[in-house]
Structure formats: C-alpha cells, structure tokens
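# Tertiary structure, described
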Amino acid sequence: MTKYKLNEERRSHSDVTLTSYLVGAGNERFAQKDHPAYTNPALDSSDVPNSYDMEGRLEPDSDKLDVNNCVEKTNGNVILDLPEEKYLERRYTQSLVPKPTVSDWMRDRARRGCTRKLLFKRMPILSWLPQYNTGAAISDLVAGFTVGLTVIPQAIAYANVAGLPPQYGLYSSFMACFIYTIFGSCKDSPIGPTAIAAILTRENLHGLGPEFAVLLCFLSGCVELLMGILQLGFLIDFISGPVSMGFTSAAAIIIATTQVKDVLGLSFPGGKFLQVWEQIFEHISETRLWDSILGISCMILLLLLRKIKDFQFGPSDSKERTFAHKALDKTIWLISTARNILVVVFCAILAYLFEEHGYSPFILTGHVKPGLPSFSPPPFEAMIGNHTYNFAEMASNLGSAVFVVPLLSILENIALAKVFSDGKTIDATQEMIAIGLCNIASSFVSSMPVSGALSRGAVNHASGVRTTFGGIYTGILVILSLHFFTPYFYYIPKASLAAVIIAAVVFMVELHVVKPMWRTKKTDLIPASATFLSCLFIRLELGIVIGIGINVLFLLYASARPSVHVEKVTSSSGCDYLLITPDRSLAFPSVEYVRNVVTKAGVKQGSSSIPVVVDARHIQGADFTAAKGIKSLIEDFMKRKQPILFYNLKPSVVDIFQGVQPKEFRYCQTYNELNEVLKEYANKNTTQVRT
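The notes below deal with the structure included here. (Residues numbered from 1 in each chain as written. Predicted model: local features only at pLDDT ≥ 70, side-chain atom pairs only at ≥ 80, totals over all residues. Heavy atoms only, no water.)

## Regarding the overall build of the chain
Helix and strand content of the chain: 28 helices and 12 strands. Across the 691 residues that make up the chain, the buried fraction comes to 48%. Put simply, of all contacts in the chain between residues at least 6 apart along the chain, 77% involve residues at least 24 apart. Of the roughly 34,100 Å² of accessible surface on the chain, a fraction of 61% belongs to carbon and sulfur atoms. (Helix = DSSP H or I, 4+ residues; strand = E, 2+ residues; numbered from the N terminus. Buried < 20%, exposed > 50% of the residue type's maximum accessible area, 1.4 Å probe, protein only. Contact = heavy atoms within 4.5 Å. Areas by Shrake-Rupley, 256 points an atom, 1.4 Å probe, with all protein chains shown as cover.)

## Focus: the layout of surface pockets
Of the pockets and cavities examined, the largest pocket occupies roughly 1,200 Å³. In this structure, the largest pocket is lined by 47 residues; those nearest its centre are E412, A453, L454, S455 and M508. Examining the composition of the lining of the largest pocket, we find that eight residues originate from one element, helix α17 (residues 401-419), more than from any other. Taken together, the residues of the lining of the largest pocket sort by class into 28 nonpolar, 11 polar and eight charged. (1 Å grid on protein atoms, 1.4 Å probe; cavity = no way out; pocket = protein on both sides within 12 Å on 5 of 7 lines; lining within 4 Å. Points joined across faces, edges and corners; volume = space filled by probe spheres on them. Nonpolar A, V, L, I, M, F, W, Y, C, P; charged D, E, K, R; others polar.)

## Some words on the pattern of salt bridges
Two side chains bearing opposite charge may form a pair once their charged atoms approach each other closely. Considering all chains together, one arrives at nine salt bridges under this definition. D262 is the salt-bridge partner of K261, the closest N and O atoms lying 3.9 Å from each other. Using a relative accessible area of 10% as the deciding quantity, one classes K261 as buried. Residue D262 is classed as buried on the basis of its relative accessible area of 8%. Residues D291 and R288 are paired through a salt bridge, measuring 2.7 Å at the closest nitrogen-oxygen approach. Look at the salt bridges and you will find they share partners, linking E592, R595 and D636 into a network. (Salt bridge = Lys/Arg side-chain N within 4 Å of Asp/Glu carboxyl O.)

## Comments concerning empty space enclosed by the protein
Taken as a whole, this structure holds six cavities of 30 Å³ or more when the rule is applied. When its volume is computed, the largest cavity comes out at roughly 120 Å³. If you trace the largest cavity, you find 15 residues lining it, with S189, P190, N460, T468 and G471 closest to the centre. Mapped onto the lining of the largest cavity, the elements with two or more residues apiece are α8 (175-183) and α20 (470-485). Partitioning the lining of the largest cavity into residue classes produces seven nonpolar, seven polar and one charged.

## Some points on the pairing of strand β11 (residues 644-647)
What you see with β11 is no split at all: I644 and F646 on one side and L645 and Y647 on the other are buried throughout. Note that strand β10 (residues 612-615) and β11 share four bridges and pair parallel. Each residue of the ladder has a partner; that of V612, found in β11, is I644. In this fold, β10 hands off to helix α26 (residues 624-639), which returns the chain to β11; that crossover is right-handed. For the segment spanning β11, helix α27 (residues 651-658) and strand β12 (residues 667-668), crossover handedness is right-handed. (Pairing = 2+ DSSP bridges. Right-handed = clockwise from strand over helix to strand, strands pointing away.)

## Topic: the side chain of S447
Considering the arrangement of structural elements, one finds S447 in the loop between α18 (428-443) and β7 (451-452). S447 has contacts with Y171, S172, A213, V214, C217 and S442, leaving out every residue within four places of it along the chain.

## Some remarks on the pairing of strand β9 (residues 576-582)
With six of seven residues buried, β9 is to be regarded as a mostly interior element. One ladder, built from seven bridges, connects strand β8 (residues 564-570) with β9; its direction is antiparallel. Residue pairing for β9: K568 is matched across the bridge by L578. Judged from the three bridges that link them, β9 and β10 form a sheet pairing that is parallel. Pairing of L579 across the sheet is with V613, part of β10.

## Comments concerning the packing of helix α6 (residues 134-161) against helix α15 (residues 339-356)
Remark: α6 packs on α15, axes separated minimally by 7 Å, with the N-to-C direction vectors making an angle of 55°. When the interaxial angle is binned, α6 and α15 end up oblique. As α6 runs across α15, the sense of the crossing is left-handed. Here L149, T150, P153 and Q154 of α6 lie close against α15, whose contacting residues are N340, I341 and V344. Residues of the contact of α6 with α15, tallied by class, amount to four nonpolar, three polar and no charged. (Axes fitted to C-alpha atoms, helices over the stretch in contact; angles between N-to-C directions. Parallel < 35°, antiparallel > 145°, perpendicular 65-115°, else oblique. Left-handed = near helix turned anticlockwise from the far one by under 90°.)

## Describing the state of the cysteines
The final tally for this structure, using the stated rule, is zero disulfides. The thiol of C298 is unpaired, and the distance to the nearest cysteine sulfur, on C347, comes to 3.4 Å. (Disulfide = S-S within 2.5 Å.)

## Structural notes on the packing of α6 against helix α19 (residues 454-462)
Contact geometry of α6 with α19 gives a least axis separation of 9 Å together with a crossing angle of 165°. Taken together, the axes of α6 and α19 lie roughly antiparallel to each other. For the crossing formed where α6 meets α19, the hand is right-handed. When α6 is examined against α19, the residues A143, T146, V147, T150, V151, Q154 and Y158 are found in contact with a partner set consisting of S455, R456, V459 and N460.

Have a look at this one:
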C-alpha cells in the first residue's frame, strides 16, 4: 500500500503524484473538489457516508467511488490510502490465465524441439559437411594422423594408470572419435582416455576389474547426456578456478606418483599418494637399475623434444627464409609432436633386441589382447572371484564416481574448448550431449570413461585441423594398431610408458597460478589449498567436494554480510537525510544483518528523527524472507515515527515487497520525487515546531 499523509489544507493533483507506482498518474478524482477527501477534510466517524465503513474506508459494494480509493482520518490529518492498482490488476489477470497441463507442456516442447535450426545445432556436422572440401580434408588427415600417433602410446599408458590391461586404453580411443565427429562442436577436441578420467577410474574400481570400468563409462555417459538434455551446464560454474587448479595439480601429482614405481622397476599394490610413497621407501632396495636408467632417460628426452619445437631455425624474417628452413621447422615440429610414439617405439625395439639375445633388462608390458573388441552392451553384472555382482551392487561400489567422473569430464572438455575457441561462444549443452553419447557408445566396445584431452587438443590445433572429421582418421589409426600391431606392444617397457605419463602430467601442476592469485585475491588460496591437500591426502572426489563447499561458504558469507554504505546527505530542498546503500541483492541470509545496520544508522546517525532513504540501485532481486524483513524494518521506523523511504527500487522487487502488504511502504523512482517527499516532510516538521 502506498500512503501519503496530507495536511488539512487542500492539495493539488501534482502533490499526490510523488511515487513511481501511483494509482493512475492521470486519475483526476483526487483533483476534483467534490471528492470527500477534499470537501470534508475533518471527517470523523459520525460524518462518514453510508458507502464508507467506520474506519473511513470505502465499502466494496459502493458505487459512488472506485473501490481502490479511500480516506482515513488520523490526528487531524487525512491519509490517502492508495492500493497498487497495477500490482492487483496484474495478479487478477494472471489468475485468469489457465495453467498449462503436462500434456500441453510436452506438446509445446516437442513442437519447439522439431525445428531445422535445432537439428543443425544438435548435429553440427550438418552445418559444415556441405562445405567440406579437399583442403579441409587434407588438413584433417594430417591432424588426425598426428593425434593418432600421440594417442596410441598415451592410451596404453593411461590404461596402466587406471589399473586396467593395456588393450582397454586402445578400446577407449576410437569409438568416441567417430561419435564426436557427428555431435561435437569443437574441432580441436580429440575425445579419448585422459589422465584425470584414468586416475578417477582407478580410485573407484577398488581392484574389481575392467567390467566396472566399462559400466562406469556407460553410467557417466548417461549422466552427461541427462545433464545436457536438462541444460544443467550451470553446475560447472560452481567449480571455481582455484578449486579446479587445486584438483588438477593434486591429480597430476598422484598420477606421477603412481608411475614412479614403474620407472624404478618396482611392483607392489596400492595407488594412494601416501601409500605409494611408503611402499617406494620400503622397497627402494629392490630398484632395478636398467629400468631406472631407461625411465629417467626417456623423461629427459621427452622434455627436450617437447622444447625443441619452440626453436626456430634460420633467419627470423619470413622473407629471408628459404624452403629448406621451412621444411626443417616442419620436420622438427613433427618430431616434437610425435615424441611419445618415437620414444616408445625406440624403447620397444631396444627391448626386442635384448630379448632376442637372451637378456631381459626391462619389465615389459606383456601380452596385449589382439584384435578389436566385440560390440556388445556394457556388463550389468560381473563375476569377481566367487561372487556375482548385479547391477545395483556394481553401481553401489562405483559410488560417487557415477557423478564426479562425468562432471569433471565435462569440465575438462569445456575448458579445452574455451582454450581453442578463438573468441567464439561455447555451447556447453551441446558438449554435454556429445560427451555423453561418446561415453555411451564407447561402453559398447569395452571402453573406460573418455573426455577431451588438453595435450592432444594442442597437437590437434597445431596440426591445422579444420573440422571434427580429423577424429575419423585418428580412430582408423587406432583400429589399425589394434588389428595389426598388438603383438609388438608386448615389448614396450613399462618404464618408457611411465616416462610418457610423467612428462605429460608434470605440466598440469599449476604453480604459476599461485602468484597472480596472491596478487588479486588472497582468500582464493584457501579453497585452492584445501582442495589440493584434500585431493592429495584423502580422495580426489572428496577433495573437490570440499573445495566446492568452501567456495559456497564464501559465497553465502558474502551474501549474508553485504557492504552497506551510510552517509548523511542534504537534499536540494535543504532537508537532511541518511542515505543507506546496500551493495547487492537482498536474500534470506542477509536480511537481519541489513535490517540491523539500517536500524542502528537510523537511531545513532539519524537521531531517530531525520528521514532514512534506502538506495536500492544494487538490489536486483529479493525473496520472501527479505520482504518480511523489510516489512519489520518499516514497522520499527513507524514506532519511532521516523520516515523511511526506498529509492531506485526495481519493479520486480516492488512486487515482492508488496506481496507481504507492508504499511507505509513509500518509494520513489526519480530524484525529483524523492526531493519533493523530503521537502514535504521538512515543511511538515517546520509547521509542527511553530505550533
């Protein structure tokens, strides 16, 4: 209700229009001299016409005046009680609109979903395939082949990280490439096994076997697809940069730790950070010399080959560079890019030569199951030892991994897409759908969970990939390796694969972020450190949950304790008032705090007398608790007979506040309106002092 108290003298129409939500700015009833509020200002209960009740309010059945107009006599003054017609009319109109049924909603969604635009959006291949040409095909062929050379040794190594036989890494590296070609929206994203997905799979398998990893891949795909259909991409936003940094760094250290034993030629169970290091120190005397030499040498060589691509041979001026210079640069770049497979092949040949001469200085990968996997549904039951696990038991054993793995896979893929987006917007919903379909399809060929790998994405981008069709060539290369080369994978030393993993994940430890984080906002180091330590010493899933929880607590604290600026201001009409400005929206955690701050300011700085103006320019929204708090605040000020006004309120916030029907709720939209109200209050006080 918007109320304005008028003195006994008659007012002109302009005196009443001091609110943003006035009941009809052009309503001439209040300017007419035959209106009861003007012809009889000293109205009491005995003089009330039959159309008014005993409190001076208009009876609903009166036809003399509009039901929204009424008068009230208080202490010799007339109060015009102006209900918000627009608010009531809108509520009435909304009540007349029939609510859609479930079938109506389903038909509407189906109609909006069956459009050509949405089809092209959900199947991006339809957009670029008609324009596909020879130049794009050659670029995709080169990029796909290069990524294939990278993914083959990585896939075998990531299977070891996940605690699976080596062929499962290769099984995970081809089907997703084909599916993403159709549904993927980021040309640079090569889908396949990743270090993060592998270590999460290892932590949640509990040594139960590959069947659980394949089921985890299927369930992860279902969750990702469901998140895409329900457009739950906003959940990714709750994983902040510091939390992501802490998680990635801890995961990289854990992955590298699990590979140290293979570099040293040790063999023992366990995959947790502290457990592995404890076992390493217990078995350090069993270190194999030649495995250690090979592993350390491979790591040094891989890091050097990674670095040489940054060197440019020949003159820096492009005009002076000859064809030989450019060819040499391309050759060096190709060697640097294919460094993983070159090192692995060299080590395998070396091991083969030793084996042929009767020496076994290295621990080898061993037998890799040849051929392609059978195309069959993922296992919904598994026989482990003498116990048969049904689907419910398998899902229960996987636990939180069913939700954590897909969430982090989406985060990893979207982060990759943003790196190579070139300023274009990323459709997170489409990426969720694409990754979900990739995992579901891959589970039919015995794959572990897959996602986009940043390291291979960089290779893809540098290779000049033009479309997602490059994944087709990568998948074909992996299939050929499974069909023809698996017998030769037997001779790959485990130390060389461990060196490939360590050389890749060492750059995932984001120490370079700590310094700028310290310079910008030091409190961000708290969730980052908590996530890092929790992931390292407890579990990866719990670590990221703890980090997100700390971030949410920070957000809630900031929401519960907004900054409230208080200053004493003099209006252009010469009236002193307190201007109070909250810096954010009002929600239930902050209501009592803001109410207390405003009350204390009104009592101490306002001497319980001068008007208080709440500048709501930063209040973009409110809730029911906030509305109740504002109502209580207004009542507190009414008891002290101290005016409180609201300024710059958004219409949506006005509706929320009016929903609890506060008394004497006064607000102004413009400074002129505010100045007029303050001027009227000053004049009223002056009149009372004189009398």
